[in-house]
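Read off the chains here:
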Amino acid sequence: MSFSKTAVLRTTFILKFEVPLGTPRTTWAAGAGDSAMYDLNDLVDSVQVFTIGYNTGDKPVKTGTYAANTLFKTKRTDENGKQVIEYTNKSRQVILTKTQIDDVPTVA
């Protein structure tokens, strides 16, 4: 069983900030890459909006992109050194999680 330590911040306004995170080490000290950057989405992120019907066989239909500053964006580095970007809505539902695959990522 593994454990980790996460910093939780709750505010009534949004700022772009970075919070160090602890990992399960002997001292629980944050090491290199153990941090998360909190921000809001922008149009460059191009997070797509889909709708889907309630009937069996209905397919998702793209209806556009999320407007700027409507999603929370968390960037962190996972235990394999890969960047993970997670987008959540105001109800704290995860909308999209991007995980770096290549060692030299491209813009997408």
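Everything quoted here is computed from the prediction, not taken from an experiment.

### Let's talk about the overall build of the protein chain
Of regular secondary structure, the protein chain possesses zero helices and seven strands. Looking at the protein chain as a whole, 19% of its 108 residues qualify as buried. Considering only contacts in the protein chain between residues 6 or more positions apart, those separated by 24 or more positions represent 28%. Looking at the protein chain as shown, the accessible area adds up to about 8500 Å², and 55% of this sits on carbon and sulfur atoms.

### Quick word on the side chain of Gln 100
Here Gln 100 is to be found in the segment after strand 7 (94-99). With relative accessibility at 17%, the residue Gln 100 sits in the buried group. There is a polar contact of 2.7 Å between the side chain of Gln 100 and the backbone oxygen of Asp 102.

### Observations regarding the pattern of salt bridges
Applying the stated criterion to the full structure yields one salt bridge. Where Asp 45 meets Lys 73, a salt bridge forms, and the shortest distance between an N and an O atom there is 3.1 Å. Here Lys 73 lies in strand 5 (residues 72-77) and Asp 45 lies in the loop between strand 2 (35-40) and strand 3 (48-51), a separation of 28 residues in the sequence. The buried category is assigned to Asp 45, whose relative accessible area is 11%.

### Points about the confidence of the model for the protein chain
Residues with a pLDDT of 70 or more make up 65% of the protein chain, whose mean pLDDT is 78. Ranking the elements of the protein chain by mean pLDDT puts strand 1 (residues 17-20) last with 54 and strand 4 (residues 61-65) first with 96. Across residues 25-30, where pLDDT falls below 50, the model places 12 contacts with residues more than four positions away in sequence or in other chains.

### Comments concerning unusual backbone geometry
With a phi close to 65°, Asn 69 is a non-glycine residue in the positive phi region. Located in the positive-phi region is Arg 92, a residue other than glycine, with phi close to 65°. Position of Arg 92 among the secondary structure elements: in the loop between strand 6 (83-88) and strand 7. Its relative accessible area of 63% is what places Arg 92 among the exposed residues.

### A few points about the side chain of Lys 73
Given a relative accessible area of 8%, Lys 73 falls into the buried group. Of note is the side chain of Lys 73, whose polar atom sits 3.1 Å from the side chain of Asp 45. Discounting residues that sit within four places of it in the chain, Lys 73 has contacts with Met 37, Tyr 38, Asp 39, Leu 40, Asn 41, Asp 45, Ile 85, Glu 86 and Tyr 87.

### A short note on the environment of Asn 69
Take Asn 69: it is sitting in the loop between strand 4 and strand 5. Linking Asn 69 and Leu 43, residues 26 residues apart in sequence, is a C-alpha distance of 8.6 Å. Not counting residues within four places of it along the chain, the set of residues in contact with Asn 69 comprises Leu 40 and Asn 41.

The rules behind the values
- Residues numbered from 1 in each chain as written.
- Predicted model: local features only at pLDDT ≥ 70, side-chain atom pairs only at ≥ 80, totals over all residues.
- Heavy atoms only, no water.
- Helix = DSSP H or I, 4+ residues; strand = E, 2+ residues; numbered from the N terminus.
- Buried < 20%, exposed > 50% of the residue type's maximum accessible area, 1.4 Å probe, protein only.
- Contact = heavy atoms within 4.5 Å.
- Areas by Shrake-Rupley, 256 points an atom, 1.4 Å probe, with all protein chains shown as cover.
- Polar contact = N/O pair within 3.5 Å; in protein donor to acceptor, adjacent residues only side chain to side chain.
- Salt bridge = Lys/Arg side-chain N within 4 Å of Asp/Glu carboxyl O.
- pLDDT = per-residue confidence, 0-100.

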